[in-house]
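# Remarks on the overall topology
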Amino acid sequence: MSYEANLRVWRGDAAGGGLQDFTVTVNEGEVVLDILHRLQATQTPDLAVRWNCKAGKCGSCSAEINGRPRLLCLTRMGTFTEDEVITVTPLRAFPVMRDLVTDVSYNYEKARQIPPFTPREREADGSHRMQQVDVERSQEFRKCIECFLCQDVCHVVRDHEENKEAFAGPRYLMRLAELDMHPLDTVDRRQLAQDHFGLGMCNITKCCTEVCPEGIKITDNALIPMKERVVDRKYVPKTWLGRTISRRKD
Amino acid sequence: MTDLERHDYDVVVIGAGGAGLRAAIEAHEQGARTAVVCKSLLGKAHTVMAEGGIAAAMGNVYAQDSWKVHFRDTMRGGKMLNHWRMAQLHAQEAPDRVRELEDWGALFDRTPDGLISQRDFGGHRFARLAHVGDRTGLELIRTLQQRTVALGIDVFMECTVTRLLTAPSEQGTAGSVCGAFAYRRESGEFFALQAPSVVLATGGIGKSYTVTSNSWEYTGDGHSLALAAGASLVNMEFVQFHPTGMVWPPSVRGILVTESVRGDGGVLKNSNGNRFMFDYIPDYFRKETAETEEEADRWYTDKTNNRRPPELLPRDEVARAINSEVKAGRGSPHGGVFLDIASRRDSDYIRKRLPSMYHQFMELAEVDITSEPMEVGPTCHYVMGGVEVDPETAAAVVPGLYAAGEVAGGMHGSNRLGGNSLSDLLVFGRRAGTAAAAHAKTVSALGLPESDLEDARDVALAPFERGGGENPYTIHRELQETMNALVGIIRTAPEVEEALVKIEELKVRAKALTVLGQRRYNPGWHLALDLPNMLRVSECIARAALERQESRGGHTRDDFPGPSDKWAQINVICTQEGESISLTRKPLPVMPPELAEIFEESA
């Protein structure tokens, strides 16, 4: 059952670093995060890895495995062959702090800039009435665990540090869409999405959707509809739906 | 320490889960200069893993529901050891706490007439849990996080508090809180927070056990900080083992499988295919539990004329039953039992109601829960014991110190009902925030004790400087194995005594912990600083478990199998003198007659 895996892990800090090779025991059913923990316990006690729930719910253990942005806790060792070298590197779009831990403060800064949710008044009986079908669109986006894999993979910022100022990234453009579709919210953020958060820089290549561990259709359900809402500020759901359907026929 | 980074606030909240953020929001809104310190990034706290929902008697699905029924369910679930006043406030205030989340952007699942939907859960008479699929904790944490950011509250992310600072005391009393000493995990640099009010919201202790649903943060920091500052802990022997954790593959052993699976129709079966829970209905719950599978199955659609399925008994009952089935040789191939929803609900319903369970089993175990049963077994999930607090204000006995959420004790008695944790942290998080802000207005700032700051720094750096060679990962593993094997779901005096001997040995070895590397984001060092907390809390659990000679809720003594009338009236209190823990027995607070009537009416 158990075997020795070949792991190549990036170690270093802001000043520099490089890949180091390790041989680590792997047992049945384990994920990459288990292997890194075994490395900490037996060979490299100071190996820096960010993690929390180890169940794919908190979005802390984001890194790149063989160059692909992934959660360490949801990547099963069984998806690799036993003789394969598995390379683990920090998220490329963010500055390295140490080893596999990066400085993700860019994301928290963008979150702060979004005008907050502002609800309409409660109804006379003190409740907010909403239909399930109306809350579901925003609910899909609120499944986001803020792992920032979409932010990491997005080519607008991945190798273009200079774009970070003007571009909030898929996670926060999706947040703007979530608020825009929220049945209770009263603030119009559409122009801001375009002018301040860089919605126009997204050219819908869907890389964000591909890496989302929650399977959220970021591009199709959040970013494209948001772009359409920006174009047509007199948004009416029926018109939008009609347009979407007719476009599919083209 | 003239070169130490210092900050000045009215209220400092330690922990950024639901209780911490709710306390911070309230303190801020009361006008207090407020800061939150948390070990992880904002939005990653353990609350994010809560699945099923928030218990609140809103009456949206069953109009007959009321705070009195919720209060009764909570007290009975806790086998009447709950602090009655906490359980009362909790049941009365939970609906408003849920409603205000909507004003901050939360989007709960809806009833057909557009209200917040409510689902069934173990031990609750009516469908009562406000929820979002099976990711309610994520919705709660994100809502509170976004509110915290909108209000501009300062958050010290990835920072760990290692000591509470107190002013010199009057003779015989605990000195007032005046701040906290912390380090930044990223840089290893130290800083101090000066504040007349500190709210502990650090969650639980699960990382002292091998099989647990808890994340690495759950090292009992708040329990331990409170003890060291002179506060008391109540009923630490009560540890909840959630009946349904994953058991296979080994690397995911302990990860939570939400109670909603049973709330939404799932049943437990042994290797003979029997719904064994019908064999484990205790007399205490017999009147309200279905006797036949037919009645149990009818209950999902008609609650008025049928009684609840035994799969939805409180968690302590179900966990013990699973434990017995496995011991009797009727377990599943990997040492659990079967949780089956596939044969009882259609695929679309399961994927709609339990999306993250579907995802979790698919990704981690390659099991499709819409077509095959899950294998599940008990996992260390929650500690009912915690800091002894005043119900109205969440104040500990140390002036200026407050505790809310899992770190506080009393609310849940000997066993917590599912769904009562998220409501607990909202209700008492808010109360702690209110009281902490009010306290800060009444006292003038106390200076930080310089000698304590220097000592706190020296203690934190010691693992780099001493030889001794003990590895923190090794000591941690040995502690987990000890607690899991000897102070687990079923306990006996000789085993708990053996655990205490082992803990003493580990405490000695922990003084020789040695850390390699440097201070920047060094997990080995971080663990070395968390370990003394885990050891202290584990000792409290073991000592209290030995003290209470009965079985009740989350404390089962094989050598004292039933509940005792004598112990029904006693709280076990832990305090710390120097390095040693002492225990005292304290009578339970007496419930006023008008509340006691609620139990007579329904008996």
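As the structure is a computational prediction, the values presented were derived from the model and not from experiment.

This brings us to the pairing of strand β5 (residues 85-89) of chain A. Residue and element names in this part refer to chain A. The alternating pattern of β5 places Ile86 and Val88 on a buried face, while none of Val85, Thr87 and Thr89, on the opposite face, is buried. Looking at chain direction, strand β1 (residues 3-13) and β5 are connected through four bridges and run parallel. Bridge pairing links Val9 to Val88 in β5. Relative to β5, strand β3 (residues 62-65) runs antiparallel, the two being bridged by two bridges. Across the sheet, the residue bridging to Glu64 is Thr89, located in β5.

Of the residues lining the interface, 44 residues belong to chain B; the matching set on chain A comes to 46 residues. Sorting the residues of the side of chain B that touches chain A by element identifies α3 (84-103), α4 (136-151), α11 (355-365) and α16 (523-547) of chain B as the ones contributing at least two each. No other element matches the six residues that α4(B) contributes to the side of chain B that touches chain A. Looking at the side of chain B that touches chain A residue by residue, the classes come out as 20 nonpolar, 11 polar and 13 charged.

Let us now look at the domain arrangement of chain A. Residue and element names in this part refer to chain A. Domain annotation of chain A identifies domain 1 (3-102) and domain 2 (105-249). Relative to domain 2, the C-alpha centre of domain 1 lies at a distance of 31 Å. Counting residues at the interface gives 12 residues for domain 1, matched by 13 residues for domain 2. Tallied by class, residues from the side of domain 1 that touches domain 2 come to seven nonpolar, three polar and two charged.

All names here are of chain B. Domain boundaries in chain B define domain 1 (244-378) and domain 2 (451-587). In this structure, domain 1 and domain 2 have C-alpha centres spaced 32 Å apart. Taken together, the five residues of domain 1 in the interface contact five residues of domain 2. At four residues, helix α9 (residues 315-327) tops the list of elements feeding residues into the side of domain 1 that touches domain 2.

The next thing to look at is the sheet that holds strand β12 (residues 233-234) of chain B. For sheets, the rule is that strands pair by backbone hydrogen bonds, running either parallel or antiparallel. Residues and elements named next belong to chain B. Spatial ordering of the open sheet is given by β17-β12-β19-β20, a layout of four strands whose pairing is antiparallel. Both outer strands of the open sheet, β17 (386-387) and β20 (580-587), are each paired with one neighbouring strand and no more. Pairing of strand β19 (residues 570-577) with β20, which is carried by eight bridges, proceeds in the antiparallel orientation. Bridging across to β20, Gln576 finds its partner in Ile581.

Analysis parameters
- Residues numbered from 1 in each chain as written.
- Chains lettered and ligands numbered in written order.
- Predicted model: local features only at pLDDT ≥ 70, side-chain atom pairs only at ≥ 80, totals over all residues.
- Buried ≥ 20, exposed ≤ 12 C-beta atoms within 10 Å, placed from the backbone.
- Helix = DSSP H or I, 4+ residues; strand = E, 2+ residues; numbered from the N terminus.
- Pairing = 2+ DSSP bridges.
- Contact = placed C-beta atoms within 7 Å.
- Nonpolar A, V, L, I, M, F, W, Y, C, P; charged D, E, K, R; others polar.
- Domains from an automatic or database assignment.

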